[in-house]
Amino acid sequence: MSTTATSTAIPSTATSHSLLADYATLVKPRVSTMVVITAAAGFYLGSLRSGISPFHIGLLEALAGITTVTAGSSVLNQALERTTDLLMPRTASRPMAQRRIGLAHGLILGFFLVFAGSLYLAYATNLITGLLTLLTAVSYVAIYTPLKRFTTLNTFIGAFPGALPPLIGWTAARGLIEWPAVALFAILFVWQFPHFMAIGWMYRADYAAAGIRVTATQQPTRWAARSSVIQALFYAVLMIPVSLWPTFLHTTGLPYAIVATVLGIWYLYATIRFARILRNPEDPANRAIAKNLMKVSVMYLPLLLAAMMLNAQGHLHF
């Protein structure tokens, strides 16, 4: 695409988008919502461990800070990926890819949100929560995002910041890292792999065109399918015992353990169905198979957290 063609296309695109709508796209509201849900679950469980009500101003302060840092991380991520975003249909219309928002504008906004949110968390909750949230943003933006262009290990590395929100929610309530918080981290860490293997297969053509390295873009395609399925199955199996860890730590009771086992079997079944991509890796119908696993993964996590919160061991005070 020539510079002239790009520059002439910008005005007509820009007029159809308000700055507010572009900001909403920059902060990735769906991703932020998932972060808030998992962080709130961690705060809830940590509050019950402390014997205090989770429904107080501290919850709103913690979620406000976490949401702000998450939004800033998303802005910085899009600033770094503005070129590759332009190469993929599902991200090509993003404001920084289309230059409706300039690089300097995006960087200033992103850095401000990250550091303001981290400082606010350190002040409103505790220092460890502020530092952990800042570490999450830095590892996501400065390590995971650039690695997407160089190695498929980016998925494993990116799973670390992706799993930190519930642990951060716990520290916001308790002020320290404890084994139940580590269990929450482990659940989020393991959950991500079948989820990301499904997304990688759904958008493998886009990722390949943009030069983003994920398991699904490896060559030959049959090897990519085999590797995607093996990883998804390994972590789906691991998900069952890991999801039971809170019960062994007496954070939850037997009813949660039963629900977690049933949900884990459901997640594993969806992953086994995902293995059908091995029959003919080039079949376009495989996208629907991968989409099914992605949908199940998105439903599985909130249901698991809801069961955990409903069966949390502690005294709920309103």
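Here, residues in each chain are numbered from 1, in the same order as that chain's written sequence. Side-chain atom pairs in this predicted model are given and counted only at pLDDT of 80 or more, local residue features only at pLDDT of at least 70, and totals for whole chains, interfaces and linings cover all residues. Only hydrogens and water are set aside; all other atoms, that is, all heavy atoms of the structure, feed into the side-chain values.

Asks: I tried to follow the pattern of salt bridges on my own but got confused; where do I start?
Replies: Oppositely charged side chains can pair when the atoms bearing their charge come close. By definition, a salt bridge exists where a carboxyl oxygen of Asp or Glu is found within 4 Å of a side-chain nitrogen of Lys or Arg. For the structure shown, the criterion picks out 4 salt bridges. For E81, the salt bridge goes to K148, with nearest N and O atoms at 2.8 Å. Remark: K148 occurs in the loop between α7 (127-147) and α8 (154-163) and E81 occurs in the loop between α4 (57-80) and α5 (82-85); sequence separation between them is 67 residues. For E81, a relative accessible area of 7% gives the class buried. Between buried and exposed lies partly exposed: a residue is buried under 20% and exposed over 50% of the maximum accessible area for its type, with that area taken using a 1.4 Å probe on protein chains only. On the accessibility criterion, K148 (13% relative accessible area) is buried. In this structure, D85 engages R94 in a salt bridge whose closest nitrogen and oxygen atoms are separated by 3.2 Å. You'll find D85 and R94 in the same group, each marked buried. By definition, any uninterrupted DSSP run of H or I lasting at least four residues is a helix, any uninterrupted run of E lasting at least two residues is a strand, and each is numbered from the N terminus.

Asks: It is not clear to me how the environment of L238 should be interpreted in this structure. Could you clarify?
Replies: Note that L238 resides in helix α12 (residues 221-243). Along the primary structure L238 and Q218 are separated by 20 residues, whereas in three dimensions their C-alpha atoms are 24 Å apart.

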